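# Descriptive analysis of the structure
Spelled out, the chains give:
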Amino acid sequence: NAGVIQTPRHKVTGKGQEATLWCEPISGHSAVFWYRQTIVQGLEFLTYFRNQAPIDDSGMPKERFSAQMPNQSHSTLKIQSTQPQDSAVYLCASSFWGGNTGQLYFGEGSKLTVL
Amino acid sequence: GDSVTQMQGQVTLSEDDFLFINCTYSTTWYPTLFWYVQYPGEGPQLLLKVTTANNKGISRGFEATYDKGTTSFHLQKASVQESDSAVYYCVLALNSAGNKLTFGIGTRVLVRP
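Keep in mind that this is a model prediction, so the values were computed, not measured.

Residue and element names in this part refer to chain A. The final tally for this structure, using the stated rule, is five salt bridges over all chains. Note that Glu108 and Arg9 form a salt bridge whose closest N and O atoms lie 2.7 Å from each other. Within this pair, whereas Glu108 is found in the loop between strand S10 (105-106) and strand S11 (110-114), its partner Arg9 is found in the loop between strand S1 (5-7) and strand S2 (10-13), the two being separated by 99 residues in sequence. Owing to a relative accessible area of 42%, Glu108 belongs among the partly exposed residues under this scheme. Judged by its relative accessible area of 35%, Arg9 is partly exposed.

Residue and element names in this part refer to chain A. Within the open sheet, the four strands sit side by side as S1-S3-S8-S7. Their pairing is antiparallel. For this open sheet the edge positions go to S1 and strand S7 (65-71), each flanked by a neighbour on one side alone. Strand-to-strand twist in this sheet, taken as the mean axis angle between neighbours without regard to direction, amounts to 20°.

What follows covers the interface of chain A and chain B. Taken together, the contact pairs 27 residues of chain A with 19 residues of chain B. At the boundary of chain A with chain B, total buried surface from both sides reaches about 1700 Å², with 49% on carbon and sulfur atoms. If you look at where chain A meets chain B, you find one salt bridge. As a salt-bridge pair, Asp56 of chain A and Lys100 of chain B come within 2.5 Å of each other at their nearest N and O atoms. Listed by contribution, the elements that provide at least two residues to the side of chain A that touches chain B are strand S4 (31-38), strand S5 (42-50) and strand S9 (88-95) of chain A. The class makeup of the residues in the side of chain A that touches chain B is 12 nonpolar, 12 polar and three charged.

About the cut-offs
Residues numbered from 1 in each chain as written. Chains lettered and ligands numbered in written order. Predicted model: local features only at pLDDT ≥ 70, side-chain atom pairs only at ≥ 80, totals over all residues. Heavy atoms only, no water. Salt bridge = Lys/Arg side-chain N within 4 Å of Asp/Glu carboxyl O. Helix = DSSP H or I, 4+ residues; strand = E, 2+ residues; numbered from the N terminus. Buried < 20%, exposed > 50% of the residue type's maximum accessible area, 1.4 Å probe, protein only. Pairing = 2+ DSSP bridges. Axes fitted to C-alpha atoms, helices over the stretch in contact; angles between N-to-C directions. Contact = heavy atoms within 4.5 Å. Buried area = accessible area lost by both parts, 1.4 Å probe. Nonpolar A, V, L, I, M, F, W, Y, C, P; charged D, E, K, R; others polar.

Quick look at the structure:
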């Protein structure tokens, strides 16, 4: 079985440009999560979807960041007008819903570098 | 709010040494606690889960327990190997489905041969 697939693995943008990151969850998983990972802050929750509906975006910066899940096979995280402080590894994860298992399956991440 | 605090930034050990990592947590709910491990170039993966205080979670030679009185939980392994070199995260589940997770800052474990 394929795991969570994230593309691109590496993206370099100039300050002010837009970046779109893609995630393909594991087939059959009903929940999709986005996290941001930096050396200083560690792993920070951004947002999640359940059955494609946005449930909780409490970790998303209020400006410039948006996430969508147009169908069950992919989700996108878009960052408009990227800034150097947006440089991070963005991790997508998927899981079944319920059961209190805590089992998130993470992708390998998309490393964003903003020059 | 709900949080986990993980103090040890890096631990350096030799093979066959004992590993112990400690975290504290804060939550108003009944906690479900996890340890995740991240190897270089990979995403984090679930190592083990502890749902009941004083009960052990056990996986791959690692053990974890938590103490409600001190709101602490820890991860230990009796004899580490070089392949255990990774970053270990203590993790708290924030929703009843158990899958909205908040991560500690992580402890980098380096095991020298």
